[in-house]
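Commentary on secondary and tertiary structure
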Protein chains: 2
Amino acid sequence: MRELLEQAKKHTSVAATLSYEEKQKALLAMADSLILHQDEILSENRKDLEEASEIGDVMKDRLRLSEERVLSMAEGIRRVAKLPNPVGRVLEERQTETGLLISKVSVPFGVVAVIFESRPNVAADTAALCLASGNVSVLRGGKESFRSCHAIVRAMKEGLKKAGLPDGLINMVEDRSRDGAMQLMRANGYVDLLIPRGGAGLIRACVENATVPCIETGTGICHIYVDREADFDMALSIVENAKTQRPSVCNAAEVLLVDSCIAKDFLPRLKARLYGVELRLCEKAGSIIDGKAAGELDFDTEFLDYILAVKVVDGVEEAISHIAAHSTHHSEAIITQNEETADYFLSRVDSAAVYHNASTRFTDGGEFGNGCEIGISTQKLHARGPMGLSELNTYRYIIKGNGQIRQ
Amino acid sequence: MRELLEQAKKHTSVAATLSYEEKQKALLAMADSLILHQDEILSENRKDLEEASEIGDVMKDRLRLSEERVLSMAEGIRRVAKLPNPVGRVLEERQTETGLLISKVSVPFGVVAVIFESRPNVAADTAALCLASGNVSVLRGGKESFRSCHAIVRAMKEGLKKAGLPDGLINMVEDRSRDGAMQLMRANGYVDLLIPRGGAGLIRACVENATVPCIETGTGICHIYVDREADFDMALSIVENAKTQRPSVCNAAEVLLVDSCIAKDFLPRLKARLYGVELRLCEKAGSIIDGKAAGELDFDTEFLDYILAVKVVDGVEEAISHIAAHSTHHSEAIITQNEETADYFLSRVDSAAVYHNASTRFTDGGEFGNGCEIGISTQKLHARGPMGLSELNTYRYIIKGNGQIRQ
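Residues numbered from 1 in each chain as written. Chains lettered and ligands numbered in written order. Predicted model: local features only at pLDDT ≥ 70, side-chain atom pairs only at ≥ 80, totals over all residues.

1. Side note on the overall build of chain A
Along the backbone of chain A there are 15 helices and 16 strands. For 407 residues, the compact-globule formula gives about 22 Å, and the C-alpha radius of gyration of chain A, at 24 Å, lands near that figure. Projecting the C-alpha coordinates of chain A onto the three principal axes gives extents of approximately 70 × 65 × 35 Å. Across the 407 residues that make up chain A, the buried fraction comes to 54%. Partitioning the contacts of chain A with sequence separation of at least 6, the portion at a separation of at least 24 is 72%. (Helix = DSSP H or I, 4+ residues; strand = E, 2+ residues; numbered from the N terminus. Rg over C-alpha atoms; globule rule 2.2 N^0.38 Å. Buried ≥ 20, exposed ≤ 12 C-beta atoms within 10 Å, placed from the backbone. Contact = placed C-beta atoms within 7 Å.)

If you want it as structure tokens, here you go:
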């Protein structure tokens, strides 16, 4: 591991100084190489699937590759090649009285380590985003997908070489034990940024154990608050969309807060609209419509399923304090026709994305105009919300003088 | 502690939504209150000094307050009151095809915890910067300065109340044990940002133990590389300034790298110019001028004193790799008349501030136009270099729609 990290670090200055054209060429070669090595990747994937016979169907589906999925990985890399170069942007510039020119310029982090779980396509996706942003990647996938990831990384490395670049720009941790992940989390001086991509357990492990800079991503207990002055039709359509359009993703709504003034009128309509969804109701909501009583944990659970916890609250103030106590700071929405109430909510709810009269499902790199995302940050340091290529850069001050000394 | 943190968290929405005028008024009241309670502060400071009789003279000097120092704290707060409001700036804005208006808006972190050492003025300084940036502060000073900090915080809290604000916007940890600091470092969900202000030991303890987002600040092993094409007079003046103008600060130079092509001519002139400075020489340098031989640790030490480690290197490439291996990523400089060599250095040296033909002493919040600083970040996440009010803010996406749902 030490050797791998030293190699990775050694390659950071190459990665950081690649031209846009070099990166584009390399990304296209990586995509081509994935297609070229499709059979090998699929055959290694079958071995992974055989070995992982004891895992559940959902996990198996995440792990399974197909011709279509390999093609879609390659297409993903080609899309990244089209995104603008995030490196070398002058973010601010000022000339001091003494004539120093101080420029704040975007630069890559250096070595970006990504720990992920069973989906092997994350390897391709992450390696492409890191390269495009001028970083050296160190990938550590779940042990179930080891052979698949290995084949994918091998193909991408070959692509790099064909494009005339060192294959050390992309690295994969061979150590399949927990210890391998732990070493990455504590590789101070080698890993400049650690991003966990996966479930709540992985993220917690990284936050608790990492001594390298780490960005918490992902889990979303997203709330929608339907205010007394909401347009009911709009509210129903937004709640339905946020809950049911794709319940397995982090920006899906998990909790509905309804203003007590309108609960009697709104909840029966909600129940009719969300007929396929299991509602878990607070006591007040349960006195208005039928449904399962909400248990203690139901307001702190990311269901990722056709389940919605429903709570009646006394107005926007209680909605805000419920969200402060239970949210994962991902995305929350207020539905109201009253601009003042909306502004009150928007300025006090402390989440990465806060919506007025729109679905939480929009929190996404594509929708936000990044064209891609390496994850959705739910913490506040460096980046919040969808992280694209720009967020995989930091900055450096470059100061040009002609002999200035400090008085 | 738990109660203190809960109180702090409760006050974040008040702090975040204060108007600029309210903050200015409060800051001026805090400054006035420090002056008003000067006698009390000085008397508590005397008690601290009596109790800390066993500490060294340097520490004592840091701990000691005087009428002048109290006045200077108050002036510092008044200067902060004049800085522009960092909260609520629209950093980016875009309208999507579906009509959503997505704004990226600067917002405070929430609770900012600062762990510092013996200088009690850090309490005033930090509390002012946190309030001005819309954050609630939690201060934890060294045990030597406990009474002084307490008196300072009490005076500032009284100022807050006079300005009509809750005194819970500024908080001080009463627990003087190591455990108090440790609890802050692990207060996930309560502390949004932890900033250690102090020596290398404190910073290492925070980086190793913190599970809350933490920004590494401070230590600076800054390098100056004198290239073969340097103007010698300029180089001598910059090295002298960076080493001797104020050797105890983090942006002072600690290591000089000299191109082997010019070492024979340059080093004798250096020795003559830096006559009061102890030079610790690599073997090659030692064969040209007299001086102490550099020991194993001399190229990895922040001397903060009239000591300079000197190494002869074979050109810019070796200079860059020496810096990569030994720098703390604070500030480095190249002195050369060759623009190409300078650009090569500037694009490859991975430090917060990289200089061409200027002294490293300019890395400073005031010089960089921030008007203040809470510390100088030597890591890459969120902020690099001098951190001012803007860097004490994060951002939030505010999305306004009229019923948009995701297709």
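Continuing now.
2. Some remarks on the domain arrangement of chain A
The domain boundaries assigned to chain A delineate domain 1 (2-216 + 379-400) and domain 2 (222-362). Summarising the inter-unit geometry, the C-alpha centres of domain 1 of chain A and domain 2 of chain A are found 35 Å apart. (Domains from an automatic or database assignment.)

3. Things to note about the relation of the copies chain A and chain B
Turning one copy of the chain about an axis and sliding it along that axis gives the other copy, so a rotation and a shift relate them. Note on the identical chains: chain A maps onto chain B by a rotation of 180° and an axial translation of 0.0 Å, with an RMSD of 0.0 Å. Here the transformation between the copies is reduced to the relation of a two-fold axis. Every residue of chain A has its C-alpha some distance from the rotation axis, and the shortest such distance is that of His382 of chain A, at 1.8 Å. When the interface residues of chain A are mapped onto chain B, 100% of them again fall at the interface, so both copies present the same face. (Least-squares fit on C-alpha atoms with pLDDT ≥ 70 in both.)

4. Considerations on the pairing of strand β7 (residues 222-226) of chain A
All names here are of chain A. Of all 5 residues in β7, 5 are buried; the element is thus mostly enclosed. Covered by surrounding structure in β7 are Cys222, Ile224 and Val226 together with His223 and Tyr225, the residues of both alternating faces. Bridge count between β7 and strand β8 (residues 253-259): 5 bridges; the pairing is parallel. Its bridge partner lying in β8, Val226 is registered against Val258. Pairing of β7 with strand β12 (residues 331-335), which is carried by 4 bridges, proceeds in the parallel orientation. By the bridge assignment, His223 is partnered in β12 with Glu332. (Pairing = 2+ DSSP bridges.)

5. Remarks on unusual backbone geometry
A positive phi angle, near 55°, is found at Leu304 of chain A, a position not held by glycine. Here Leu304 of chain A is to be found in the loop between β10 (292-293) and β11 (307-313).

6. With respect to the environment of Ala358 of chain B
You can see Ala358 of chain B is positioned in strand β13 (residues 353-358). Considered as a pair, Ala358 of chain B and Ala235 of chain B are 123 residues apart in the sequence and their alpha carbons are 8.8 Å apart. When sequence neighbours within four positions are dropped, the list of residues in contact with Ala358 of chain B reads Leu100, Ile399, Gly401 and Gln404 of chain A together with Ile238 and Ala333 of chain B.

7. Details of the sheet that holds strand β5 (residues 170-172) of chain B
Residues and elements named next belong to chain B. Taken in spatial order, the 4 strands of this open sheet run β5-β4-β3-β6, and their pairing is parallel. The outermost strands of the open sheet, each flanked by one partner alone, are β5 and β6 (193-197). Strand-to-strand twist across the sheet, computed as the mean angle between neighbouring axes with direction ignored, equals 20°. Relative to β6, strand β3 (residues 111-116) runs parallel, the two sharing 5 bridges. From the neighbouring strand, Val114 faces β6, where its bridge partner is Ile195. Lying over the sheet, helix α1 (residues 2-10) contacts β3, β4 (136-140) and β5, oriented at roughly 170° with respect to β5. Along the sheet, helix α10 (residues 200-209) contacts β3 and β6; its crossing angle with β6, the most-contacted strand, is approximately 160°. (Axes fitted to C-alpha atoms, helices over the stretch in contact; angles between N-to-C directions.)

8. Thoughts on the interface of chain A and chain B
Listed by partner, the interface residues are 55 residues for chain A and 55 residues for chain B. Where the side of chain A that touches chain B is concerned, the elements lending two or more residues are α10 (200-209), α11 (232-244), α15 (339-348), β13 (353-358) and β16 (393-404) of chain A. The biggest single contributor to the side of chain A that touches chain B is β16 of chain A, with 11 residues. Partitioned by chemical class, the residues of the side of chain A that touches chain B number 22 nonpolar, 21 polar and 12 charged. (Nonpolar A, V, L, I, M, F, W, Y, C, P; charged D, E, K, R; others polar.)

9. Some details on the nonpolar core
Membership of the largest hydrophobic core comes to 154 residues, with the highest contact counts inside it found for Leu194 of chain A together with Leu194 of chain B. If we ignore the near neighbours within four places in the chain, the residues touching Leu194 of chain A are Ala113, Leu184, Met185, Cys206, Ala210, Val212, Pro213 and Cys214 of chain A. (Core = buried A, V, L, I, M, F, W, Y, C linked by C-beta atoms within 7 Å.)

10. Things to note about the pairing of strand β4 (residues 136-140) of chain A
Residues and elements named next belong to chain A. Most of β4 is tucked away: 5 of the 5 residues are buried. Covered by surrounding structure in β4 are Val136, Val138 and Arg140 together with Ser137 and Leu139, the residues of both alternating faces. Pairing between strand β3 (residues 111-116) and β4: 5 bridges, direction parallel. The residue bridging Ala113 from the neighbouring strand is Val138, located in β4. Running through helix α7 (residues 121-132), the crossover from β3 to the neighbouring parallel element β4 is right-handed. Taken together, the 3 bridges between β4 and strand β5 (residues 170-172) define a ladder with parallel strand orientation. Residue pairing across strands places Ser137 opposite Ile170, the latter belonging to β5. (Right-handed = clockwise from strand over helix to strand, strands pointing away.)

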